[in-house]
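One-letter residues, chain by chain:
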Amino acid sequence: MSEARMRIATPGFLVWRLSMKLRVAVDRAVAPLGLTHAQYSVLASLYGMHHAGESPSQRRLADHTGLEPLYISKLARGLESAGLVDRAPDPADSRAVRLNLTDQGRDVTARAVVVVRDLQERLLAPLGGLAGERAAAFVRDLNLLLDVQLDPKEQA
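Residues numbered from 1 in each chain as written. Predicted model: local features only at pLDDT ≥ 70, side-chain atom pairs only at ≥ 80, totals over all residues. Heavy atoms only, no water.

### What to know about the environment of Arg134
- Here Arg134 lies in helix α7 (residues 133-146).
- Between the C-alpha atom of Arg134 and that of Val115, which follows or precedes it by 19 residues, the distance is 22 Å.
- Residues in contact with Arg134, not counting those within four places in the same chain, are Pro126 and Leu127. (Helix = DSSP H or I, 4+ residues; strand = E, 2+ residues; numbered from the N terminus. Contact = heavy atoms within 4.5 Å.)

Structure representation (structure tokens):
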């Protein structure tokens, strides 16, 4: 981006542009594995949550990803049809559905994580790569901004 455009670009616009750039790149990178960016986001989140010992409900996964619960439900049904996810009733809450990766889902997700990690390494190269101090500061700043409540209902 030129210096002139950088002076007039708002932080919101730049965050949006970066998120769109990353979304398109991830879509292209995971397409050979039969995935979309949204499906990858669900699978990678499940993968990480399972490694942390959690078997999340669809609602918990929606909260984690920032996606709407209805969209998570739609994605989970599609991933179940593809043999990547198992959906099961929650024994503690008859309204909730728990999600787990199948063996095939773990395999596809592990391969996709490697592909996306490489993509992120290239994206963050100007900041010293994923392990760089500037990238770590960038992640801290992004988390700080994500914690800001913008919805008046959430501030109450």
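### Let's talk about helix α6 (residues 103-123)
- Between its terminal C-alpha atoms α6 stretches 30 Å, which fits the 30 Å expected from 21 residues at 1.5 Å a residue.
- By the burial criterion, the buried members of α6 are Gly105, Val108, Thr109, Ala112, Val113, Val116 and Leu119. Seen from one end, α6 has its buried residues packed into an arc of 145°, which puts them on one side. Away from its buried face by more than 90 degrees, α6 exposes Asp103, Val114 and Arg122.
- Where the residues of α6 are buried, they touch α2 (11-30), α3 (37-51) and β2 (93-101). (Expected span 1.5 Å × (residues − 1). Buried < 20%, exposed > 50% of the residue type's maximum accessible area, 1.4 Å probe, protein only. Arc of directions from axis to C-beta.)

### What about the confidence of the model for the chain?
- Taken residue by residue, the chain gives an average pLDDT of 91. The fraction at 70 or more is 94%.
- Mean pLDDT values over the elements of the chain span from 66, in helix α1 (residues 3-8), up to 97, in α6. (pLDDT = per-residue confidence, 0-100.)

### Considering the packing of aromatic side chains
- Evaluated as defined, the whole model comprises one aromatic pair.
- A ring pair is formed by Phe13 and Trp16, whose centres lie 6.0 Å apart and whose planes are at 40°; its orientation type is tilted. Of this pair, Phe13 and Trp16 both sit in helix α2, three residues apart, which is roughly one turn of the helix.
- Exposure remark for Phe13: the relative accessible area of 35% places this residue in the partly exposed category. (Phe/Tyr/Trp six-rings, centres within 6.5 Å; stacked < 30°, edge-to-face > 60°.)

### So, helix α4 (residues 58-65)
- Taken together, the buried positions of α4 are occupied by Gln58, Leu61 and Ala62. All buried residues of α4 lie within an arc of 105° about the axis, which places them on one face of the element. Exposed side of α4, more than 90 degrees from the buried face: Arg59 and Asp63 are the residues found there.

### Let's talk about the packing of α3 against α4
- Put simply, α3 and α4 touch, their axes get as near as 10 Å, and they point 105° apart. Here α3 is positioned roughly perpendicular relative to α4, judged by the angle of their axes. Contacts from Ser41, Val42, Ser45, Leu46 and Met49 in α3 reach Arg60, Leu61, His64 and Thr65 in α4.
- Split by residue class, the contact of α3 with α4 holds four nonpolar, four polar and one charged. (Axes fitted to C-alpha atoms, helices over the stretch in contact; angles between N-to-C directions. Parallel < 35°, antiparallel > 145°, perpendicular 65-115°, else oblique. Nonpolar A, V, L, I, M, F, W, Y, C, P; charged D, E, K, R; others polar.)

### Let's talk about the pattern of salt bridges
- Considering all chains together, one arrives at nine salt bridges under this definition.
- In this structure, Arg106 and Asp103 form a salt bridge, with 2.2 Å as the shortest nitrogen-oxygen distance. With Arg106 and Asp103 both in helix α6 and three residues apart, the pair spans about one turn of that helix.
- On the basis of relative accessible area, Asp103 is assigned to the exposed category, the value being 60%.
- The salt bridge involving Asp107 is made with Arg111; its shortest N-O contact spans 3.3 Å. In this pair, Asp107 and Arg111 are both assigned in helix α6, four residues apart and thus about one turn of the helix distant. (Salt bridge = Lys/Arg side-chain N within 4 Å of Asp/Glu carboxyl O.)

### Re the pairing of β2
- Of the strand pairs in this sheet, strand β1 (residues 85-90) and β2 are connected by six bridges, and their pairing is antiparallel. The residue of β2 that forms the bridge with Asp90 is Asp93.
- The hairpin turn running from β1 into β2, its antiparallel successor, is two residues long. (Pairing = 2+ DSSP bridges.)

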